[in-house]
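# Results of the structural survey
One-letter residues, chain by chain:
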Amino acid sequence: MKKMANQNATADGYVLFSAQLSTHAWTQYQATFDIVVGSSTSNVTHAFNKLTDLVGQDCPTNVVELDWEVGYVNVNLKDLGARRMIGVNGVWPPEAIYANTGDTLTINLSNKLDVPTALHFFGIHQTGAPQYDGYPMVNQCPIPAKSNYTYTVLLNQTGTFYIEGSYAGQSVDGLRVPLIVRSTSDPKWDDYVVTLSEWYDEEYSSLFGTFSSTLNPLGVLPKPEAIIVNEVANASVHFNSGEKYMLRLISFASQLSMFVAIDSHNMTIVEVDGFPVEEYEVTALTIAPGQRFGVLVEGMHDQNTTIINYMMHVTQQVGNADADGTEAPVGALSTFLTVSYGPDNPYGDAIDTTESSDAFILYDDSMLRTFVPAKKTEVLKPTRRIVLDAAVQMMADGSARGTFNNTAYIQPKVPSLITALTIGDTLKSDPTVYGVDTIPYVIDDGVTEIVILNQDITNAHSFHLHGHSFQIVDVDNLPFDPSKNFDALPDDNRDDSKRREGTQRKADDDDDGGAGGDDTASGYPTRDTVQIPPASYAVIRFRNENAGVWLLHSTNTFLRDYGFAATLIVNPDEIPGADDLMDAAYNQTCAAAGVPTRGNAAGNLGSDLSGYIFSPGLPPSGPTAAFWGTIFGCAACVLVMILAVYLFHIPDDVWADRIQAKKND
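Residues numbered from 1 in each chain as written. Predicted model: local features only at pLDDT ≥ 70, side-chain atom pairs only at ≥ 80, totals over all residues. Heavy atoms only, no water.

### Regarding the pattern of salt bridges
When charged atoms on two side chains of opposite charge get close, those side chains can pair. Applying the stated criterion to the full structure yields 19 salt bridges. Between R385 and E449 there is a salt bridge; the shortest N-O distance is 2.5 Å. Note that R385 is positioned in strand β22 (residues 384–394) and E449 in strand β25 (residues 447–454), a separation of 64 residues in sequence. Looking at R385, the relative accessible area reads 35%, which means it is partly exposed. Judged by its relative accessible area of 1%, E449 falls in the buried class. Between D573 and K428 there is a salt bridge, with its nearest N and O atoms 3.6 Å apart. Separated by 145 residues along the polypeptide, D573 in the loop between β32 (565–570) and α6 (578–581) and K428 in the loop between α4 (416–422) and β24 (440–443) bring together distant segments of the chain. Look at K428 and you get buried, because its relative accessible area is 10%. (Salt bridge = Lys/Arg side-chain N within 4 Å of Asp/Glu carboxyl O. Helix = DSSP H or I, 4+ residues; strand = E, 2+ residues; numbered from the N terminus. Buried < 20%, exposed > 50% of the residue type's maximum accessible area, 1.4 Å probe, protein only.)

See the structure below:
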């Protein structure tokens, strides 16, 4: 069944694809029976056959089916200029998608690019279907240029998610689409999708080439030209007096965390990363790359306050380094979205986003009771601990890469999921067959605790886990004390005067994201993306319930693509078989991409890893010859430039004297 689409206008820059048909599969054929009365027996038989096709299917069942041609679109944004972006069906930005919990989303993708592509459904767990998680060389083969592939995704979660191009930073070049999954228990607020992105004048391939060069041993990140809201230069939303609105904030950012505040309006947080939480009122929040928030904002009541418009300020918080390697100050990049009560209204007084954070009522992931789950979940008790020492380091080849435990992730020659499915029962629990530089961890039943140590003393880093959501049980300054007890609930350090009772979204009975559930009232927030401040750590826990191969990675796109990732092989004995996950289309895509459909990380059978490509590794003892070559090369270039400037700025009279002296010789 293909659901019809209603096009509903929303925040400037987006149109929502809204699935509105009946929720009962039998009613899809109501019209067929209506027209057969008095008609021929053949028509009645045709209708009966259609109905009997539904017998045995779960009801209600709805399919949101989309045909996507992914290709290049020439875009010219006001004040920012023109460049080529990646759009869908000749449109950029692509249409946002609205669906309902329990729907199946089918995307028939036709790759019209001149390079491969793939889609990741950010925040969707893909329970029982890891082959559709969409990360190249982890869950699937890249979809070659001029090829087709179909993703079939069960939407059994509720909340704010998005779809991104996961091949070679294609999300940075525009392949990014909001995905909103509604529940029948959601209050009927008006929705506005508000996306936050960076604008680069160059395409990702060029930016990444500069970043990954051995001429960039300090790992200085490319600097965006601007921040944009809803993919336009002048976004706006319309408010009516006294009405309540749900703003779904989605960070598409490739590296920047952003500070968000609305003039004269408070925001009440009701959802984080797809999880409903007890309502908490703030005047500002920080959103890291990959994170999502659902916030309620109420329109002004006083007539004197609705004759003016207001700004939602979006300001760079942490992340980008300037060309000289120093940290960019707060507010280095900023923009705003207009909250409009009338098209001709003037703007009201603007808040000062450069004020101390003490001037705002902020949320903070490290204030662990800020987000109390709307459905109480038990405090998970770990059966295994993994410690990941996270750092950006210079490697032996002179490049700067993200590393976990001094190792930079390198893609295997065979997708790790295929290795799990084809390597054999004896070896699939052996992490070495997945390649040591995929940073593999084989995890069995129980609860996993991951401790991520951010050794970067300048930058915050955010990390996203595929296939799961997790409890954040601690965020604190380094050093990490391994004996610290997290099993007791944290102190309630919220300001409960900011908590608003009675209108929060009801959590669905099964909406616990694998975090487990009883009535023991855990105060630990559940997310799928956590931000860790500089020189700090985070402790996250999750149930090992979703069998498959999943990535844990930085949400900084440049660092994700250059080492900052690890591979989790969860319950390998419970992953569905190759016949179930690797259908003909899956295998054909791999064949077209020239990727083997069996074997270990080196493309060999058994434990033979000959030909495996290793990470360059850290310098064996201090800086390498390649590093010193880079440094001296850069120094020589600088000296040549200084000499050139000196020569070409010699005063004219000095030049004249030298020329005359030469003539006299």
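### Considerations on helix α7 (residues 584–593)
Turning to α7, its buried residues number three or more, namely Y586, T589 and C590. Taken down its axis, α7 places every buried residue within 95° of arc, on the same side. More than 90 degrees from the buried face of α7, the exposed residues found are A584, Q588, A591 and A592. Of the surrounding elements, those touching the buried residues of α7 are β8 (148–154), α4 and α6. For α7, the side-chain oxygen to backbone nitrogen distance between the N-cap and A585 is 3.3 Å, and the N-cap itself is D583. Positive phi shows up at G594, right after α7, with a value of about 70°. (Arc of directions from axis to C-beta. Contact = heavy atoms within 4.5 Å. Polar contact = N/O pair within 3.5 Å; in protein donor to acceptor, adjacent residues only side chain to side chain.)

### A few points about the sheet that holds strand β6 (residues 104–111)
Strand order in the open sheet formed by 4 strands is β4-β3-β6-β8, with mixed pairing between adjacent strands. The sheet terminates laterally at β4 (81–88) and β8, the two strands that pair on one side only. On average, each strand axis in the sheet is tilted by 25° relative to the strand beside it, whichever way the strands run. The pairing of strand β3 (residues 63–77) with β4 spans 8 bridges and is classified as antiparallel. Within the sheet, the bridge partner assigned to L77 lies in β4 and is G81. (Pairing = 2+ DSSP bridges. Axes fitted to C-alpha atoms, helices over the stretch in contact; angles between N-to-C directions.)

### Section: helix α3 (residues 204–211)
At 3.6 residues per turn, the α-helix brings residues three or four places apart onto the same side. Of all the residues in α3, the buried ones are Y204, L207, F208 and F211. Along α3, the residues classed as buried sweep out an arc of 95° about the axis, all on the same side. Every exposed residue of α3 that faces more than 90 degrees away from the buried side is listed here: S205 and T210. Check the buried side of α3 and you find it contacts β23 (400–404) and α5 (557–560).

### Topic: the state of the cysteines
Here a disulfide denotes a covalent bond joining the sulfur atom of one cysteine to the sulfur atom of another. All told, the structure shown has 1 disulfide when counted by the stated rule. The disulfide partner of C141 is C590, and the S-S distance across this bridge is 2.0 Å. For the disulfide bridge between C141 and C590, the dihedral angle about the S-S bond is near 90°, and by the sign convention the bridge is right-handed. Within this pair, whereas C141 is found in the loop between β7 (119–122) and β8, its partner C590 is found in helix α7, the two being separated by 449 residues in sequence. With relative accessibility at 1%, the residue C141 sits in the buried group. (Disulfide = S-S within 2.5 Å.)

### Concerning the sheet that holds strand β26 (residues 461–465)
Reading across from one edge, β24-β32-β31-β26-β29 is the order of the 5 strands in this open sheet, with mixed pairing throughout. Each having just a single partner strand, β24 and β29 (529–532) make up the two edges of the open sheet. Pairwise comparison of adjacent strand axes, ignoring direction, gives a mean angle of 20° for this sheet. Summarising the sheet, β26 and β29 pair through 4 bridges and their orientation is antiparallel. By the bridge assignment for β29, H461 is matched with I532.

### Some remarks on the environment of L333
Within the secondary structure, L333 sits in the loop between β20 (310–318) and β21 (334–340). Note: C-alpha distance between L333 and E225 (108 residues apart in sequence) is 8.2 Å. With residues up to four places along the chain from it excluded, the contact list for L333 reads P224, E225, A226, I227, L256, V314, T315 and Q316.

### What to know about the packing of aromatic side chains
Centre-to-centre distance and the angle between the planes together describe a pair of aromatic rings. Inspection of every chain in the model, using the stated rule, returns 23 aromatic pairs. Centroid distance F239 to Y341: 6.1 Å. Interplanar angle 85°. Geometry classified as edge-to-face. One end of the pair, F239, is in the loop between β13 (236–238) and β14 (244–251); the other, Y341, is in the loop between β21 and β22, and 102 residues separate them in sequence. Here F239 falls in the buried class, since its relative accessible area comes to 1%. Between Y612 and F614, the aromatic rings sit 4.8 Å apart at their centres with planes inclined by 90°, giving edge-to-face as the arrangement. On the accessibility criterion, Y612 (8% relative accessible area) is buried. Using a relative accessible area of 53% as the deciding quantity, one classes F614 as exposed. Linked through ring pairs, Y200, Y204, F208, F211, F558 and Y562 together constitute an aromatic cluster. The side chain of R84 reaches across the aromatic face of Y72, ending 3.6 Å from its centre. Geometry around F293 places R527 over its ring, the cationic atom sitting 4.9 Å from the centre. (Phe/Tyr/Trp six-rings, centres within 6.5 Å; stacked < 30°, edge-to-face > 60°. Lys NZ or Arg CZ within 6 Å of the ring centre and 35° of its normal.)

### So, unusual backbone geometry
Here the residue pair W92 and P93 is connected by a cis peptide bond, since its omega of 0° sits within 30 degrees of zero. In this model, L478 is joined to P479 through a cis peptide bond whose omega is 5°. Looking at where P479 falls in the secondary structure, it is placed in the loop between β27 (470–477) and β28 (526–527). The residue D79 is not glycine, and still its phi comes out positive at about 70°. Position of D79 among the secondary structure elements: in the loop between β3 and β4. The backbone of N89 sits at a positive phi, close to 55°, despite the residue not being glycine. On the secondary structure map, N89 appears in the loop between β4 and β5 (96–100). Its relative accessible area of 44% is what places N89 among the partly exposed residues.

### Here we look at the pairing of β7
The alternating pattern of β7 places L119 and F121 and H120 and F122 on opposite faces, both of which are buried. Inspection of the sheet shows β7 paired to strand β9 (residues 159–165) by 4 bridges, in the antiparallel sense. Across the sheet, the residue bridging to L119 is G165, located in β9.

### Section: the pairing of β24
Because side chains alternate across β24, one face comprises the buried residues P440 and V442, and the other comprises Y441 and I443, equally buried. By the bridge criterion, 4 bridges tie β24 to β32 in an arrangement that is parallel. Across the sheet, the residue bridging to Y441 is L568, located in β32.

### Digging into the nonpolar core
Judged by nonpolar contacts, the single largest core of 90 residues is most densely connected at W68, L105, Y151 and I163. If sequence neighbours within four positions are ignored, L105 has contacts with V64, L66, F121, Y151, T152, V153, L155, I163 and L179. Among the nonpolar cores identified, the runner-up in size contains 36 residues, and F239, V260, V277 and L285 belong to it. (Core = buried A, V, L, I, M, F, W, Y, C linked by side-chain atoms within 4.5 Å.)

Interpretation in functional terms is not warranted from these geometric data alone.
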